[in-house]
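Topology and contacts: notes
Residue-level listing of the chains:
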Amino acid sequence: MRINRVSALAAIVMVGAALVAPVRAQFDPIFDFIPLGGRSLLTQVLESEPPAEEAHAILTGERTAERWIDYMKGRSAAVPGLQQLGDYELATLADYLSFNMPLPANKLPGDPAGADWSEILPLDGRDLALEFCQSCHIITVVVTQDRRKEHWLGTMNKPSHVEIKLTSEEREALASYLVLNASIPIDDVPEDLRAGGASY
Ligand code: HEC
């Protein structure tokens, strides 16, 4: 009897926790001002109904970021989602592809048309920033800086940041995303994320 009561209580607590679980930061609309990262851009491309062999060729390709840009420009007639990308988006996606493709064979979906990309594609620089860069200071400290890659990596290797649970490859990917997409003017940052600017 006692055991039953306890497990019923545990079940209620668990349901409660599930109900109040916050929206994962990368999907919270307050962050819409931060440009999309490669995961979201690739999802848009894959959901634009490209022929299956085009999707497969992207997911199994291995290129440098520069070569990915050339490749995508060459495939844009066949892949509708590529036609909508601006220069920064194309560069952001190329960077992401250079870090994350080819997908491991066991991650490749049998039918790209029905795939749940949010489960399949690795996190992008925007996701990593929202997940790992707001626990000590607001994200504004990060996304308003205009920096070169070495400078970003330098910050991430300071004593204040070196403990963050990001692999060196993730640090590189995050730095590459920030080079292209940070330096957001403060006027574009929502009021709620401006207060105190640097709160550390
Ligand atoms: C464990 C706490 C913590 C986390 C997590 C954190 N920061 Fe910081 N950050 C700090 C502190 C403390 C400072 C101010 C002191 C300093 O600069 O070392 C700071 C300052 C900064 C600055 C301004 C000063 C500088 O060095 O350029 C930037 C940019 C920055 N952080 C970027 C990031 C990024 C990118 C991430 C995510 C990868 C991140 N932070 C996550 C603690 C943190």
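Residues numbered from 1 in each chain as written. Predicted model: local features only at pLDDT ≥ 70, side-chain atom pairs only at ≥ 80, totals over all residues. Heavy atoms only, no water.

**Side note on the nonpolar core**
Formed by 24 residues in total, the largest nonpolar core has its most connected members in Leu-42, Met-72, Leu-93, Leu-97, Met-101 and Leu-121. Listing elements by their share of this core, those giving two or more residues are helix 2 (38-46), helix 3 (52-59), helix 4 (65-75), helix 6 (87-100) and helix 7 (117-120). Ranked by the residues each element gives to this core, the list is headed by helix 6, at five residues. If you look at the next biggest cluster of nonpolar residues, it comprises 22 residues, including Ala-129, Cys-133, Met-156 and Leu-174. (Core = buried A, V, L, I, M, F, W, Y, C linked by side-chain atoms within 4.5 Å. Buried < 20%, exposed > 50% of the residue type's maximum accessible area, 1.4 Å probe, protein only. Helix = DSSP H or I, 4+ residues; strand = E, 2+ residues; numbered from the N terminus.)

**Section: the packing of helix 4 against helix 6**
Their axes nearest at 8 Å, the elements helix 4 and helix 6 cross at an angle of 120°. On the basis of the axis angle, helix 4 is oblique to helix 6. Remark: the crossing between helix 4 and helix 6 carries right-handed chirality. Only Leu-90, Ala-91, Leu-93, Ala-94, Asp-95, Leu-97 and Ser-98 of helix 6 make contact with helix 4, whose side of the interface consists of Ala-65, Trp-68, Ile-69, Met-72 and Lys-73. The residue inventory of the contact of helix 4 with helix 6, partitioned by class, reads nine nonpolar, one polar and two charged. (Axes fitted to C-alpha atoms, helices over the stretch in contact; angles between N-to-C directions. Parallel < 35°, antiparallel > 145°, perpendicular 65-115°, else oblique. Left-handed = near helix turned anticlockwise from the far one by under 90°. Contact = heavy atoms within 4.5 Å. Nonpolar A, V, L, I, M, F, W, Y, C, P; charged D, E, K, R; others polar.)

**Examining the coordination of the iron atom of the ligand**
For the iron atom of the ligand, every protein donor is listed as His-137 (NE2) and His-161 (NE2), and the spread of their distances is 1.9 to 2.0 Å. Geometry at the iron atom of the ligand is octahedral, judged from the six donor atoms that bind it and their angles of 87 to 179° at the metal. Within this pair, whereas His-137 is found in the loop between helix 8 (125-132) and helix 9 (140-143), its partner His-161 is found in the loop between helix 10 (149-156) and helix 11 (168-181), the two being separated by 24 residues in sequence. Both residues of the pair, His-137 and His-161, count as buried. (Donors = N, O, S within 2.8 Å, 3.2 Å for Na, K, Ca; no water. Tetrahedral: all angles 85-135°; square planar, octahedral: opposite > 155°, others 65-115°.)

**Describing helix 6**
For helix 6, which comprises 14 residues, the first-to-last C-alpha distance of 20 Å matches the rise-based estimate of 20 Å (1.5 Å per residue) to within 8%. Those residues of helix 6 lying buried are Leu-90, Ala-91, Thr-92, Leu-93, Ala-94, Asp-95, Tyr-96, Leu-97 and Asn-100. Close packing links the buried residues of helix 6 with helix 2, helix 3, helix 4, helix 5 (80-83) and helix 11. (Expected span 1.5 Å × (residues − 1).)

**Side note on the layout of surface pockets**
Of the voids in this model, the largest pocket is the one considered here, and its volume is about 430 Å³. Lining the largest pocket are 19 residues; nearest its centre among them are His-137, Val-141, Val-142, Thr-155 and His-161. Elements with a contribution of two residues or more to the lining of the largest pocket: helix 9, helix 10 and helix 11. Considering every element that reaches the lining of the largest pocket, the biggest residue donor is helix 10, with three residues. Partitioned by chemical class, the residues of the lining of the largest pocket number eleven nonpolar, six polar and two charged. (1 Å grid on protein atoms, 1.4 Å probe; cavity = no way out; pocket = protein on both sides within 12 Å on 5 of 7 lines; lining within 4 Å. Points joined across faces, edges and corners; volume = space filled by probe spheres on them.)

**Remarks on the side chain of Arg-126**
On the secondary structure map, Arg-126 appears in helix 8. An unpaired buried charge is present at Arg-126: no salt bridge exists, and Asp-32, the closest side chain of opposite charge, is 4.7 Å distant. One polar contact links the side chain of Arg-126 to the main-chain carbonyl oxygen of Ile-34, over a distance of 2.9 Å. When neighbours within four sequence positions are excluded, Arg-126 is seen to be in contact with Gln-26, Phe-31, Asp-32, Ile-34, Pro-35, Leu-36, Gly-37 and Tyr-177. (Lys, Arg positive; Asp, Glu negative; His and termini not counted. Salt bridge = Lys/Arg side-chain N within 4 Å of Asp/Glu carboxyl O. Polar contact = N/O pair within 3.5 Å; in protein donor to acceptor, adjacent residues only side chain to side chain.)

**Some remarks on the site of the ligand**
Within the structure, the ligand sits among 18 residues, and Cys-133, Cys-136, His-137, Arg-147 and His-161 are positioned closest to it. At a separation of 3.2 Å, an oxygen atom of the ligand approaches a polar side-chain atom of Thr-155. Contacts to the ligand include Ser-160, whose side-chain N or O atom sits 2.6 Å from an oxygen atom. Elements with a contribution of two residues or more to the shell around the ligand: helix 9 and helix 10. Broken down by class, the residue content of the shell around the ligand amounts to ten nonpolar, six polar and two charged. (Near = heavy atom within 4 Å.)

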